[in-house]
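Single-letter residue listing:
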Amino acid sequence: HCWLKASISACPPPPCRPSAAPSPKSSSLARAAMAEAEAEPAVVADGKGADNKVAESIAAKGTNSYYFAHAGKKDDLTGATRIEGDGSLQLASDGMTKLDVVGGVDLAPKVRWREDYAWGDENGKVKVYLDFPEGSLGKPQVKVVPVFEELKFEVVVHGVTAEPQGVTNGTHRLFGKIVTDKCTCRINSSKTRLTVTLFKAEPEEGAWATLKKTSDQPAHRLVVSCGSAVAVAWT
């Protein structure tokens, strides 16, 4: 152990290497860049003085001038033709332009069309029944909005829930035509049922087989008579 320590302490330290001196070529380039920067004319920001200094620098050094990029003449756009387009595309403009939105944005709440209704035929009219929770139709904010057409109806109830509810025959036409100005809507006394009454335009055609037609094929009525009893069936 003593011999190992002595050997380590006897080792001389590594020689220090002197830093490499800059090459003559790099030194000359650096000095040339500094000289050019010092010799570059200062450009002032007031009118003709700035233009004269830039012109002098370009004239003296040509393409080597710092301001050579400014030597070209600016394009004269006074006679340029502005492209407006045919209106099918929205082009960029200098100012703010209000866009024309066709039809606007539909912010009306969506209606939940209910299919749990009941209906019945009463000779010259058809009644549709839609039930609600106890007393819910008696709220002061409840509003019933009916729309009657010759072969279509829809009744929307607002205010019972956050989402309006309604009943309609939808995309399928009614089984028969109705008299629009005679159709009515009524809420019962317990405020639990909405009754829609549709008056038939052709009551002589007899009872409706369905509330709405599911196909464009006309239904055929079959009348079976047996004594004083008459049965009507639709096929």
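This is a predicted model, so every value here is computed, not measured.

## Let's talk about the overall build of the protein chain
Item 1. A count of helical and extended segments in the protein chain gives 3 helices and 10 strands.
Item 2. Its helices and strands taken in sequence order, the protein chain reads α-α-α-β-β-β-β-β-β-β-β-β-β from the N to the C terminus.
Item 3. Classification of the 235 residues of the protein chain by burial places 20% in the buried group.
Item 4. Contacts in the protein chain between residues at least 24 apart in sequence constitute 52% of all its contacts with a sequence separation of at least 6.
Item 5. A total of about 18,000 Å² of accessible surface is found on the protein chain, and carbon and sulfur atoms cover 57% of it.

## Digging into the confidence of the model for the protein chain
Item 1. Confidence along the protein chain averages 76 in pLDDT terms, with 55% of residues attaining 70 or more.
Item 2. Looking across the protein chain, the model is least confident in strand 10 (residues 229-234), with a mean pLDDT of 46, and most confident in strand 8 (residues 193-199), with 98.
Item 3. In the predicted structure, residues 1-8 sits below a pLDDT of 50 and forms 0 contacts with residues beyond four places in sequence or in another chain.
Item 4. For residues 228-235, every residue scores under 50 in pLDDT, and the model assigns this stretch 22 contacts once sequence neighbours within four places are set aside.

## Remarks on the nonpolar core
Item 1. Within the largest apolar cluster, 22 residues are counted, with the highest numbers of intra-cluster contacts made by V128, F153, V167, L194, V196, L198 and L211.
Item 2. Secondary-structure elements contributing two or more residues to this core are strand 3 (125-131), strand 5 (152-158) and strand 8.
Item 3. For V128, the residues in contact, after removing those within four places along its chain, are Y117, A118, W119, F153, V167, L194, T195, V196, L198 and L211.

## Some words on the environment of R186
Item 1. Structurally, the position occupied by R186 is in strand 7 (residues 184-187).
Item 2. Accessibility expressed as a relative area gives 52% for R186, which makes it exposed.
Item 3. The spatial distance from the C-alpha of R186 to the C-alpha of Y129 is 9.9 Å, given a sequence separation of 57 residues.
Item 4. For R186, the contacting residues outside a window of four places in its chain are R193, L194 and T195.

## Quick notes on the packing of aromatic side chains
Item 1. All chains considered together, the criterion is met by 1 aromatic pair.
Item 2. Stacked on the ring of F175, the Lys or Arg K213 has its end atom at 5.5 Å from the ring centre.

## As for the environment of I178
Item 1. Within the secondary structure layout, I178 lies in the loop between strand 6 (165-168) and strand 7.
Item 2. Taking C-alpha positions, I178 is 7.5 Å from E149, a pair spaced 29 residues apart along the chain.

## With respect to unusual backbone geometry
Item 1. The backbone of N123 sits at a positive phi, close to 60°, despite the residue not being glycine.
Item 2. Mapping N123 onto the fold places it in the loop between strand 2 (118-122) and strand 3.
Item 3. On the basis of relative accessibility, which here comes to 64%, the residue N123 falls in the exposed class.
Item 4. Phi at K191 takes a positive value of approximately 60°, unusual for a residue other than glycine.
Item 5. Note on placement: K191 falls in the loop between strand 7 and strand 8.
Item 6. Classification of K191 by relative accessible area gives partly exposed; the value is 34%.

## What about the pattern of salt bridges?
Item 1. Applying the stated criterion to the full structure yields 6 salt bridges.
Item 2. Among the ionic pairs, R114 bridges to D116, the shortest N-O distance being 3.0 Å.
Item 3. Residue D121 is joined to K200 by a salt bridge in which the shortest nitrogen-to-oxygen separation is 2.6 Å. With D121 in strand 2 and K200 in the loop between strand 8 and strand 9 (221-226), this residue pair connects regions lying 79 residues apart in the sequence.
Item 4. You can call K200 buried: its relative accessible area is 6%.

## Quick look at the sheet that holds strand 3
Item 1. Pairing is antiparallel across the open sheet formed by 4 strands, whose spatial order is 2-3-8-7. What marks the edges here is a single partner per strand, and that holds for strand 2 and strand 7. Strand after strand, the sheet turns through a mean of 20° between neighbouring axes, direction not considered.
Item 2. Of the strand pairs in this sheet, strand 3 and strand 8 are connected by 7 bridges, and their pairing is antiparallel. Looking across to strand 8, one finds that V128 is bridged to V196.

Basis of the calculations
- Residues numbered from 1 in each chain as written.
- Predicted model: local features only at pLDDT ≥ 70, side-chain atom pairs only at ≥ 80, totals over all residues.
- Heavy atoms only, no water.
- Helix = DSSP H or I, 4+ residues; strand = E, 2+ residues; numbered from the N terminus.
- Buried < 20%, exposed > 50% of the residue type's maximum accessible area, 1.4 Å probe, protein only.
- Contact = heavy atoms within 4.5 Å.
- Areas by Shrake-Rupley, 256 points an atom, 1.4 Å probe, with all protein chains shown as cover.
- pLDDT = per-residue confidence, 0-100.
- Core = buried A, V, L, I, M, F, W, Y, C linked by side-chain atoms within 4.5 Å.
- Phe/Tyr/Trp six-rings, centres within 6.5 Å; stacked < 30°, edge-to-face > 60°.
- Lys NZ or Arg CZ within 6 Å of the ring centre and 35° of its normal.
- Salt bridge = Lys/Arg side-chain N within 4 Å of Asp/Glu carboxyl O.
- Pairing = 2+ DSSP bridges.
- Axes fitted to C-alpha atoms, helices over the stretch in contact; angles between N-to-C directions.

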